[in-house]
Amino acid sequence: LGAFHHPALVLVDPCLLATLDPRNLSAGIAEAVKVAICGDRALFELLEANVALVIDRDPNVLAQLVRQAAATKVSLLAADPLEHDLRRPLNLGHTLAHPLETQLGYRNLLHGEAVAFGLAVATNVALRRGICTAAAGQRILELLHAYGLPPAVRSGDVLQCLNHLGAIRLVRDGAMHYVMPVDIDRVCIVADIDPAEIRDAALGVCGSATPRVATAAHHG
């Protein structure tokens, strides 16, 4: 366990996404949104401009989306595939997602849904700090909402999950390395962050999140 071997070939059939229920599709989209915010404006705009087609499983749009998201993620990982540097843009959304999954016992919340909640919280923190412009923050949150994200999470569960942030510190050598959006395609990483900032931002997301799940477009 733990051995890394780069694949000689990767085959992807986007049509397999047609087998997913709407909730799982939205959870996967959350990861694509995260990748886009980390450094791919074209991917972000593709997700913005084709919400209905993505939800309706249009094969051409899905092929473009999967190809672009995968290529961007590989480019972000290529310089440090073994994660020697723990300050990684792709941790965006995960600082809260992992503790939230732990709190909920890995039940009732898909990983992508937890990431979407973490993305919304990170955007909220960035907006409160003035790191992210209001326009960019609004676009990020509106894109998440367009795909039925983030899910509604009880404020009590959010407050309890903050107790698990200490585990993140242990993994990251005592620091949080919190990733926040600066623009729709750019992030920054702060060396540490007050858990109270995350708490306040998360409770704000709890008040605005809606338990909506994207559904396939209706054809007359």
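Residues numbered from 1 in each chain as written. Predicted model: local features only at pLDDT ≥ 70, side-chain atom pairs only at ≥ 80, totals over all residues. Heavy atoms only, no water.

Draft legend 1. Inspection of the pairing of strand β2 (residues 186–190) at higher detail. Sheet topology note: the strand β1 (residues 178–183)/β2 ladder contains five bridges and is antiparallel. Each bridged residue has a counterpart across the sheet, and for aspartate 183 the counterpart in β2 is arginine 186. As consecutive antiparallel partners, β1 and β2 are separated by two residues. (Pairing = 2+ DSSP bridges. Helix = DSSP H or I, 4+ residues; strand = E, 2+ residues; numbered from the N terminus.)

Draft legend 2. Just the environment of valine 115, in detail. Along the chain, valine 115 turns up in helix α6 (residues 111–129). Taking the relative accessible area as the measure of exposure, valine 115 reaches 0% and is therefore buried. Between the C-alpha atom of valine 115 and that of proline 150, which follows or precedes it by 35 residues, the distance is 8.4 Å. If we skip the residues at most four places from it in the chain, valine 115 touches Glu31, Lys34, Leu92, Gly93, His94 and Ala97. (Buried < 20%, exposed > 50% of the residue type's maximum accessible area, 1.4 Å probe, protein only. Contact = heavy atoms within 4.5 Å.)

Draft legend 3. Highlighting the nonpolar core. One finds Leu47, Leu65, Phe117, Val121, Tyr147, Tyr178 and Ile198 to be the most contacted residues of the largest nonpolar core, which totals 63 residues. Looking at this core element by element, the count peaks at 10 residues for α6. (Core = buried A, V, L, I, M, F, W, Y, C linked by side-chain atoms within 4.5 Å.)

Draft legend 4. Structural detail: helix α7 (residues 134–146). With 13 residues, α7 ought to run about 18 Å at 1.5 Å a step, and its terminal C-alpha atoms sit 18 Å apart, in line with that. Among all positions of α7, only Ala136, Gly137, Ile140, Leu143 and Leu144 are buried. Buried residues of α7 fall within an arc of 130 degrees about the axis and therefore sit on the same side. If you follow the buried residues of α7, they end up packed against α1 (22–37), α2 (41–49), α6 and β1. Of the residues flanking the end of α7, it is glycine 148, one or two places downstream, whose phi is positive at about 75 degrees. (Expected span 1.5 Å × (residues − 1). Arc of directions from axis to C-beta.)

Draft legend 5. Inspection of the pattern of salt bridges at higher detail. Taken as a whole, this structure holds eight salt bridges when the rule is applied. The residue aspartate 185 makes a salt bridge to arginine 41 at a minimum N-O spacing of 3.1 Å. In this pair, aspartate 185 is assigned in the loop between β1 and β2 and arginine 41 in helix α2, connecting sequence segments 144 residues apart. We classify aspartate 185 as partly exposed; its relative accessible area is 22%. Taking the shortest distance from any N to any O, the salt bridge between arginine 154 and aspartate 157 comes out at 3.1 Å. Using a relative accessible area of 61% as the deciding quantity, one classes arginine 154 as exposed. Note on aspartate 157: relative accessible area 11%, which makes it buried. Connected via shared salt-bridge partners are Arg41, Asp183 and Asp185. (Salt bridge = Lys/Arg side-chain N within 4 Å of Asp/Glu carboxyl O.)

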